[in-house]
Amino acid sequence: MQRDEQKLREHYSQPPEDISLDEIDLDRIPKHISIIMDGNGRWAQARGRARSEGHVAGVESLREAVTTSVRLGVDVLSAYAFSTENWRRPKEEVNLLMHLFAKTLIKELPLFHQENVRLQFLGDIESLPKKTYDVFCRGLEETKDYDEMTFALAVNYGSRAEIVRAARMAAIEVAAGRLSPEQLDEDAIARRLYTSNLPDPELLIRTSGELRLSNYLLWQLAYTEFYVTDVLWPDFTKWDYLRAIRAFQGRARRFGGVVKQ
């Protein structure tokens, strides 16, 4: 991915006192950054507003995260938008989210076209309401040939269900004689995950201070660096994004081994 240095400098002009672009090694930007966008409801409640307003405000942060990722030269940005467990939320909130997904994607398609961003979904989107599903399919079709960055949005996603789905797919092939039990290795499972065409995340950002994965990318995050911030998602800015990358670059990634001195 080609980084536009001028656009990047303009994007990160007028830095706050505690962080600047000059602190970042642009040759060591994570290729895949993933975000658990948490805190929308608490953001709204702290302001005496309906939870729905927090979700709407969170869209602005996501838009900035997409633009920032393109400017920095990130290859893949993934984000957790709606889990399989989120169906348990009040019906009114779920309906609002489904409507917001469709409305937001239509509104943001020009951004994907402008930035040459390919859209991908992680999760069982065929089970979503028809209007939302149809809009998602439109986004997939219109951006399928873009190659500047991939934006993978996890909707109706649960990692345990994803792994079970992959194992079931492999079992069907074994039963049909197209795959032998000896061929069932890590690669065989990984090829049947929603992320089969993507590298594993190098950096996971979770907002709102929660210290859990919430059934998100359990397989893919095996060696990912975690960055947790107390900032609620609607307040998360490009500077918070830069702080996360700075923290990532300050760590030694061992992958189970020992870093040579």
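A brief report on the enclosed structure follows. (Residues numbered from 1 in each chain as written. Predicted model: local features only at pLDDT ≥ 70, side-chain atom pairs only at ≥ 80, totals over all residues. Heavy atoms only, no water.)

### A word on the overall build of the protein chain
Alright, step 1. Across its full length, the protein chain carries eight helices and six strands.
Alright, step 2. Along its sequence from the N terminus, the protein chain presents helices and strands in the succession α-β-α-α-β-α-β-α-β-α-α-β-β-α.
Alright, step 3. What you see for the protein chain is a C-alpha radius of gyration of 19 Å, in line with the 18 Å of a compact globule of 261 residues.
Alright, step 4. Overall, the protein chain is about 60 × 55 × 35 Å in size when its C-alpha atoms are taken along their principal axes.
Alright, step 5. Residues classed as buried in the protein chain amount to 49% of the 261 residues present.
Alright, step 6. Within the protein chain, contacts between residues separated by at least 24 positions form 77% of all contacts whose residues are at least 6 apart in sequence.
Alright, step 7. Total accessible area on the protein chain stands at roughly 13,500 Å², and carbon and sulfur atoms take up 49% of it.
Alright, step 8. Charge separation in the protein chain, taken as the distance between the mean sites of 36 positive and 40 negative side-chain charges, equals 4 Å. (Helix = DSSP H or I, 4+ residues; strand = E, 2+ residues; numbered from the N terminus. Rg over C-alpha atoms; globule rule 2.2 N^0.38 Å. Buried < 20%, exposed > 50% of the residue type's maximum accessible area, 1.4 Å probe, protein only. Contact = heavy atoms within 4.5 Å. Areas by Shrake-Rupley, 256 points an atom, 1.4 Å probe, with all protein chains shown as cover. Lys, Arg positive; Asp, Glu negative; His and termini not counted. Charge placed at Lys NZ, Arg CZ, Asp CG, Glu CD.)

### As for the pattern of salt bridges
Alright, step 1. Under the counting rule described, the total for this entry stands at 21 salt bridges.
Alright, step 2. The salt bridge partner of Arg-71 is Glu-115, with a shortest N-O separation of 2.8 Å. Of the two residues, Arg-71 sits in helix 3 (residues 51-72) while Glu-115 sits in helix 4 (residues 91-115), which places them 44 residues apart along the sequence.
Alright, step 3. Overall, the relative accessible area of 12% leaves Arg-71 in the buried class. (Salt bridge = Lys/Arg side-chain N within 4 Å of Asp/Glu carboxyl O.)

### Things to note about helix 4
Alright, step 1. With 25 residues, helix 4 extends 35 Å between its outermost C-alpha atoms, agreeing within 8% with the 36 Å of an ideal straight helix rising 1.5 Å per residue.
Alright, step 2. Approximately 40° is the largest bend angle found in helix 4, and it occurs at Glu-108, with the proline Pro-110 only one to four residues beyond.
Alright, step 3. Of the residues trailing helix 4, Asn-116 is marked for its positive phi of about 60°. (Expected span 1.5 Å × (residues − 1). Bend = angle between axes of the 7 residues up to and from the residue.)

### Remarks on helix 6 (residues 159-175)
Alright, step 1. The terminal C-alpha atoms of helix 6, which comprises 17 residues, lie 24 Å apart, in line with the 24 Å expected from a rise of 1.5 Å per residue.
Alright, step 2. Taken residue by residue, helix 6 has Ser-159, Glu-162, Ala-166 and Ala-170 as its buried positions. Down the axis of helix 6, the buried side of the element spans an arc of 70°, and every buried residue falls inside it. Of the exposed residues in helix 6, the ones pointing more than 90 degrees away from its buried face are Arg-160, Arg-168, Ile-172 and Ala-175.
Alright, step 3. In this fold, the buried residues of helix 6 make contact with strand 4 (149-157) and helix 7 (186-190).
Alright, step 4. Looking one or two residues beyond helix 6, the residue adopting positive phi is Gly-177, at roughly 85°. (Arc of directions from axis to C-beta.)

### Side note on the pairing of strand 4
Alright, step 1. In terms of burial, strand 4 is a largely internal element, nine of the nine residues being buried.
Alright, step 2. Across seven bridges, the pairing between strand 2 (residues 76-83) and strand 4 is parallel. Within the sheet, the bridge partner assigned to Phe-82 lies in strand 4 and is Val-155.
Alright, step 3. Summarising the sheet, strand 3 (residues 117-122) and strand 4 pair through six bridges and their orientation is parallel. Note that in strand 4 the partner of Val-117 across the bridge is Met-149.
Alright, step 4. A crossover links strand 3 with its parallel partner strand 4, the connecting element being helix 5 (residues 130-143), and its sense is left-handed. (Pairing = 2+ DSSP bridges. Right-handed = clockwise from strand over helix to strand, strands pointing away.)

### A short note on the sheet that holds strand 6 (residues 225-228)
Alright, step 1. Spatial ordering of the open sheet is given by 3-4-2-1-5-6, a layout of six strands whose pairing is parallel. Where the open sheet ends on each side, the last strands, each with one partner, are strand 3 and strand 6. Strand after strand, the sheet turns through a mean of 20° between neighbouring axes, direction not considered.
Alright, step 2. Strand direction decides the pairing type here: strand 1 (residues 32-36) and strand 2, joined by five bridges, are parallel. The partner of Ile-36 across the bridge, within strand 2, is Tyr-80. (Axes fitted to C-alpha atoms, helices over the stretch in contact; angles between N-to-C directions.)

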